[in-house]
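Coordinate analysis (summary)
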Amino acid sequence: MNAETIFQNHRPRLLALAYRLLGSRVDAEDIVQDAWLRWANADISAIRDAEAWLVTATTRLGLDRLRAAKRERLHYVGPWLPEPWQVDLEADPAPGPAQAHAIADEVSMAFLTLLEQLGPEERAAFVLKEAFDHDYRQIGDLLGHSEANCRQLVRRAKQRLQTGAPRFNAAPAQHQQLLQRFMEAAQRGDSPAIQALLHANAIALSDGGGVVTAAIRPLQGAERIGRLYWAIARRGGALPARLGYVNGEPAILRFADGKLASFTTIEVVDGRIAALYSVLNPKKLPVLVTRSGAGASL
């Protein structure tokens, strides 16, 4: 096989790795393009393991970009939430329900936001181990650390993630039902109904990036969140909404003039909504919403 064919065979895996590292589709595609340029200029006849070479190049490029992004996000207006990989009107019919749910967990807004707590090398080691099943020797070769140090990086990453919000203990049907009920209550501005769906200390994060109006601080508490949606509906600001999917995860999609204006995903714990993640920044929203996610690479 020639260099381009080899690269294209590995490209979906490289994109999946880069996206989990960076939480940004644009950045992930840029990193993989840079990896391609390095690959195209390499002597591939001297490379014994093409996949290992490409994963190494993508990881190191991703780490450089992640370090720069960490500095840039210090000046971001309001909460920074991940950029979606794919927004769909319908679920992907290709994978079975269990597989689809597992993939959605790995790239959900909640989990990618949780990964932001990790330092760049912790995040890379965790993603390589947990999402791509690399052993510690491979991770050490990639990051330039000993196996023992990589074990420590992954262990610390797991400990830090476990101290975050509890994750994903709702069955898919319950998750979708709660999302539907929340969407309907939010459209009506029904604050008591919204509060009944939320944990008392629920949190809402809204990413407007300083481009559109959004809360610049996380909103904590069921009562405050209920009042917010009551106020939005009262002043006629509730946009047409429907259920769809973001990265395979059920989501509320809101439209203005036929274009996606925002989306919201939820985190469910013990039968109630514990967190809301809303992306309103138009720079993070796709121009087109697809009918099916079958072509998405996650």
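We now turn to the structure provided with this report. Sequence order as written defines residue numbering, which begins from 1 separately in each chain. Restriction of local features to residues with pLDDT of at least 70 applies here, the model being predicted, together with a cutoff of 80 or more for giving and counting side-chain atom pairs; totals for whole chains, interfaces and linings are based on all residues. The side-chain figures draw on all heavy atoms in the structure; neither hydrogens nor water molecules are used.

1. Structural notes on the sheet that holds strand β2 (residues 198–207)
Criterion used throughout: strands pair if DSSP finds at least two bridges between them. We count a stretch as a helix when DSSP gives it H or I for four or more residues in a row; a strand needs E for two or more, and each element gets its number in order from the N terminus. One open sheet holds the seven strands; their spatial order is β1-β4-β5-β6-β7-β2-β3, and the pairing between them is mixed. Each end of this open sheet is capped by a strand with a single partner; those strands are β1 (87–88) and β3 (219–220). Pairing of strand β5 (residues 249–256) with strand β6 (residues 259–269) involves five bridges; the strand directions are antiparallel. Of the residues in β6, the one forming a bridge with F255 is L260. Any pair of residues with heavy atoms lying within 4.5 Å of one another is described as a contacting pair. To obtain an axis, a line is fitted to C-alpha atoms, over the contacting stretch when the element is a helix, and the angle between two such axes runs from 0 to 180 degrees between their N-to-C directions. Here helix α11 (residues 222–234) sits on the sheet and contacts β2, β3, β5 and β7 (272–279); the angle it forms with β2, its principal contact strand, is near 50°.

2. Some points on the packing of aromatic side chains
The criterion for an aromatic pair is that two Phe, Tyr or Trp rings (for Trp, the six-membered ring) have centres within 6.5 Å, with stacked assigned to planes under 30 degrees apart, edge-to-face to planes over 60 apart and tilted to the rest. All chains considered together, the criterion is met by five aromatic pairs. Pairing F182 with Y229 gives two aromatic rings, centres 5.2 Å apart and planes at 85°, and the pair type is edge-to-face. One end of the pair, F182, is in helix α9 (residues 172–188); the other, Y229, is in helix α11, and 47 residues separate them in sequence. The class for Y229 is buried, based on a relative accessible area of 11%. Cation placement over rings: the criterion is NZ of Lys or CZ of Arg within 6 Å of the ring centroid and within 35° of the ring normal. The cationic tip of R25 hangs over the ring face of W85; the distance from NZ or CZ to the ring centre is 4.2 Å. The ring of Y136 carries K129 above its face, with NZ or CZ at 4.7 Å from the centroid. Whether a residue is buried, partly exposed or exposed follows from its accessible area with a 1.4 Å probe, protein chains only, as a fraction of its type maximum: under 20%, in between, or over 50%, in that order.

3. Comments concerning the packing of helix α6 (residues 120–130) against helix α8 (residues 147–162)
It is the contact of α6 with α8, at a shortest axis distance of 8 Å, that shows an interaxial angle of 95°. By the angle class used here, α6 and α8 are roughly perpendicular. Of the residues in α8, those in contact with E121, E122, A125, F126, K129 and E130 of α6 are L153, V154, R156, A157, K158, R160 and L161. Only Asp, Glu, Lys and Arg are considered charged in this grouping, and only Ala, Val, Leu, Ile, Met, Phe, Trp, Tyr, Cys and Pro are considered nonpolar; every other residue, Gly among them, is considered polar. In terms of residue class, the contact of α6 with α8 is made up of six nonpolar, no polar and seven charged. The labels follow the angle: roughly parallel below 35 degrees, roughly antiparallel above 145, roughly perpendicular from 65 to 115, and oblique for the rest.

4. Thoughts on unusual backbone geometry
Both trends apply: most residues other than glycine have a negative phi, and most peptide bonds are in trans. At D257, a position not held by glycine, the phi torsion is positive, near 55°. The residue D257 is located in the loop between β5 and β6 in this model. Note on D257: relative accessible area 80%, which makes it exposed. At D270, a residue that is not glycine, the phi angle is positive and equals roughly 55°. Mapped onto the secondary structure, D270 falls in the loop between β6 and β7.

The values are spatial; any link to function lies outside them.
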